[in-house]
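# Reading the structure
What follows is the residue order along each chain.
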Amino acid sequence: MAYRSFLERISKQLNKHITVVINQNQFDALVSLVYDIGIKAFISDELLELINKEKLTEASGHFRRFNKYMKKPVYQLIKSRKLEIELFNSEIKGTHE
């Protein structure tokens, strides 16, 4: 249950700081990223600014900035960021309007 409340807290914080409409995949990718790096790192990075300026393609490239630990690239972080970028850039499928 603690995990769920933590994700809910991240979601609320993201909703507070993101001022433009993004799709569910983009939001989910950001939740994953913020879970890993923390909200303070996210709100102080240019990534948030790019999202709020609706420069989403450029923003997705900024995920890679968070693939290091102690200034060294880490395979698992590289893999996680790659998956988050793919999710962020993917379209929502199966929706009916």
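Here is a short report on the structure shown in this document. Counting restarts for each chain: residues are numbered from 1 in the order of the written sequence. Local features in this predicted model are restricted to residues whose pLDDT is 70 or higher, and side-chain atom pairs enter the listing and the counts only when it is 80 or higher, whereas totals over whole chains, interfaces and linings include all residues. The side-chain figures draw on all heavy atoms in the structure; neither hydrogens nor water molecules are used.

### A look at the nonpolar core
Counting 22 residues, the largest nonpolar core has Leu 14, Ile 18, Leu 30, Phe 42, Leu 47, Ile 51 and Phe 63 as the members making the most contacts within it. When contributions to this core are tallied by element, the ones reaching two or more residues are helix 1 (2-17), helix 2 (24-37), helix 3 (39-43), helix 4 (46-52) and helix 6 (75-89). Only DSSP runs of H or I reaching four residues or more are called helices, and only runs of E reaching two or more are called strands; each is numbered from the N terminus. The leading source of residues in this core is helix 2, at six residues. Among buried residues, the Ala, Val, Leu, Ile, Met, Phe, Trp, Tyr and Cys ones that are joined through side-chain atoms within 4.5 Å form a nonpolar core. Relative accessibility decides the category of a residue: with a 1.4 Å probe and only protein chains considered, values under 20% of the type maximum give buried, values over 50% give exposed, and everything between is partly exposed.

### Considerations on the pattern of salt bridges
Side-chain pairs of opposite charge can arise where the charged atoms are in close proximity. Think of a salt bridge as a Lys or Arg side-chain nitrogen and an Asp or Glu carboxyl oxygen that are within 4 Å of each other. According to the stated counting rule, one finds six salt bridges in the structure shown. The partner of Asp 45 in a salt bridge is Arg 65, and the shortest N-O contact between them spans 3.4 Å. A residue pair is termed long-range when its members are at least 10 positions apart, and Asp 45 in the loop between helix 3 and helix 4 and Arg 65 in the loop between helix 5 (56-61) and strand 1 (68-69) qualify at 20 residues. Judged by its relative accessible area of 13%, Asp 45 falls in the buried class.

### Examining the packing of aromatic side chains
Each aromatic pair joins two rings of Phe, Tyr and Trp (for Trp, the six-membered one) with centres within 6.5 Å, and gets the label stacked for planes under 30 degrees apart, edge-to-face for over 60, and tilted for any other angle. Scanning the model with the defined rule gives two aromatic pairs in all. Note on Phe 6 and Tyr 35: the rings are 5.4 Å apart at their centroids and 70° apart in plane angle, and the pair reads as edge-to-face. Separated by 29 residues along the polypeptide, Phe 6 in helix 1 and Tyr 35 in helix 2 bring together distant segments of the chain. By relative accessible area, which is 32% here, Phe 6 ends up partly exposed. The class for Tyr 35 is partly exposed, based on a relative accessible area of 40%. Where Phe 63 meets Phe 88, the ring centres are 5.3 Å apart and the plane angle is 55°; that geometry is what we call tilted. A residue pair is termed long-range when its members are at least 10 positions apart, and Phe 63 in the loop between helix 5 and strand 1 and Phe 88 in helix 6 qualify at 25 residues.

### A look at helix 6
Here the expected length of a helix is defined as 1.5 Å per residue gap, with one fewer gap than residues. Look at helix 6: 21 Å from first C-alpha to last across 15 residues, which is about the 21 Å you get at 1.5 Å a residue. Looking at helix 6, one finds that the buried residues are Leu 77, Arg 81, Glu 84, Ile 85 and Phe 88. Angularly, the buried residues of helix 6 cover 105° about the axis, an arc narrow enough to put them on a single face. Away from its buried face by more than 90 degrees, helix 6 exposes Tyr 75, Lys 82 and Leu 83. Here the buried face of helix 6 lies against helix 2, helix 4, helix 5 and strand 1. It is the directions from the helix axis to the C-beta atoms that the arc portrays. Whether two residues are in contact is decided by their heavy atoms: any pair within 4.5 Å suffices.

### Concerning the side chain of Arg 81
Here Arg 81 shows up in helix 6. For this analysis, a polar contact is any N or O atom pair within 3.5 Å, provided that within protein one partner can donate a hydrogen and the other can accept it, and provided that sequence-adjacent residues contribute only side-chain to side-chain pairs. A polar side-chain atom of Arg 81 sits 2.7 Å from the main-chain carbonyl oxygen of Phe 66. For Arg 81, the contacting residues outside a window of four places in its chain are Leu 33, Asp 36, Ile 37, Phe 63, Phe 66 and Asn 67.

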